[in-house]
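Read off the chains here:
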Amino acid sequence: MQMLELVSEPDTINFGDLPEEIDALLQQGVAAYRRDHARADRLFRQALAAAPQELPTYFCLYKIHTYQGHLDEAKAVAELGLAEAARQAGWSSDWRQWVPHDPLPDGAGRFALYTLKALAFIHLRKNDPDSAAEMLAALRQLDPSGAVGWPVVAALADGLDAE
């Protein structure tokens, strides 16, 4: 009887269709984040420098900096990611000029909307509710169904207003 060897693959995140070397850097960064935030940041920045057109890298960077409370850094990276996603989607670099699309876009357009939501959250955390409200108002028009999750941020903003 032949024995089967079971090898457990480490949990990986599906970042979509990325060049293998960029995906590897992002996977290493995610794994490193559990123990070494600085190393995770270096790996994500290495991926960004190698392929600034790959949107998931911006997500990784703004997410870890938001988690750590480095809100100025999170905001700066999210703004860079938003600009790159808008460029790829063929949209204005100013999100205030974006127009609704039906159906909601995939790819770079969806990433742009998701990142605008992230920026609204970052602004809330930075105690800048006016900027957050402006972004959420735009998202209400651009994504009326709430597909990118902005209603959660809006509920947080409403809760802060009630305090």
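Shown above is the structure to which this text applies.
Note that the structure is predicted; figures quoted are calculated from it, not measured. (Residues numbered from 1 in each chain as written. Predicted model: local features only at pLDDT ≥ 70, side-chain atom pairs only at ≥ 80, totals over all residues. Heavy atoms only, no water.)

Draft legend 1. Here's a closer look at helix α1 (residues 20-33). Taking 1.5 Å of rise per residue, the 14 residues of α1 would be expected to cover 20 Å, and the 20 Å separating its terminal C-alpha atoms lies within 8% of that figure. Among the residues of α1, those classed as buried are Ile22, Leu25, Leu26, Gln27, Gly29, Ala32 and Tyr33. Where the residues of α1 are buried, they touch α2 (37-50) and α3 (55-67). (Helix = DSSP H or I, 4+ residues; strand = E, 2+ residues; numbered from the N terminus. Expected span 1.5 Å × (residues − 1). Buried < 20%, exposed > 50% of the residue type's maximum accessible area, 1.4 Å probe, protein only. Contact = heavy atoms within 4.5 Å.)

Draft legend 2. Fine view of the nonpolar core. Core analysis: the largest hydrophobic core is formed by 49 residues, its most contacted members being Leu26, Trp98, Leu116 and Leu136. Of all the elements in the fold, those that place two or more residues in this core are α1, α2, α3, α4 (71-89), α5 (107-125), α6 (129-142) and α7 (150-162). Looking at this core, the element that brings in the most residues is α5, giving 10 residues. Discounting chain neighbours no more than four positions away, the residues touching Leu116 are Leu82, Trp95, Trp98, Met135, Ala138, Leu139 and Leu142. (Core = buried A, V, L, I, M, F, W, Y, C linked by side-chain atoms within 4.5 Å.)

Draft legend 3. Representation of the packing of α3 against α4 within the structure. Close contact between α3 and α4 brings their axes to 8 Å; oriented N to C, the two are set at 160°. Judged by the angle between their axes, α3 and α4 are roughly antiparallel. Seen along the crossing, α3 lies across α4 with a hand that is left-handed. On α4, the residues touching Leu55, Tyr58, Leu61, Tyr62, His65 and Thr66 of α3 are Leu71, Glu73, Ala74, Val77, Ala78, Leu80, Gly81, Glu84, Ala85 and Gln88. When its residues are assigned to classes, the contact of α3 with α4 shows 10 nonpolar, 4 polar and 2 charged. (Axes fitted to C-alpha atoms, helices over the stretch in contact; angles between N-to-C directions. Parallel < 35°, antiparallel > 145°, perpendicular 65-115°, else oblique. Left-handed = near helix turned anticlockwise from the far one by under 90°. Nonpolar A, V, L, I, M, F, W, Y, C, P; charged D, E, K, R; others polar.)

Draft legend 4. Summary view of the pattern of salt bridges. Evaluated as defined, the whole model comprises 7 salt bridges. Residue Arg45 pairs with Asp41 through a salt bridge whose shortest N-O separation is 2.9 Å. Taken together, the positions of Arg45 and Asp41, both in helix α2 and 4 residues apart, correspond to about one turn of that helix. Classification of Asp41 as buried rests on a relative accessible area of 16%. Among the salt bridges present, the one from Asp72 reaches Lys126, with a minimum N-O distance of 2.3 Å. Of the two residues, Asp72 sits in helix α4 while Lys126 sits in the loop between α5 and α6, which places them 54 residues apart along the sequence. Salt bridges sharing partners connect three or more residues here, namely Asp41, Arg45 and Glu73. (Salt bridge = Lys/Arg side-chain N within 4 Å of Asp/Glu carboxyl O.)

Draft legend 5. Local environment of the layout of surface pockets. Considering only enclosed or pocket space, the largest pocket measures out at about 220 Å³ in volume. Forming the boundary of the largest pocket are 14 residues, of which Lys63, Tyr114, Lys117, Ala118 and Phe121 lie nearest the centre. Mapped onto the lining of the largest pocket, the elements with two or more residues apiece are α3, α5 and α7. When its residues are assigned to classes, the lining of the largest pocket shows 10 nonpolar, 2 polar and 2 charged. (1 Å grid on protein atoms, 1.4 Å probe; cavity = no way out; pocket = protein on both sides within 12 Å on 5 of 7 lines; lining within 4 Å. Points joined across faces, edges and corners; volume = space filled by probe spheres on them.)

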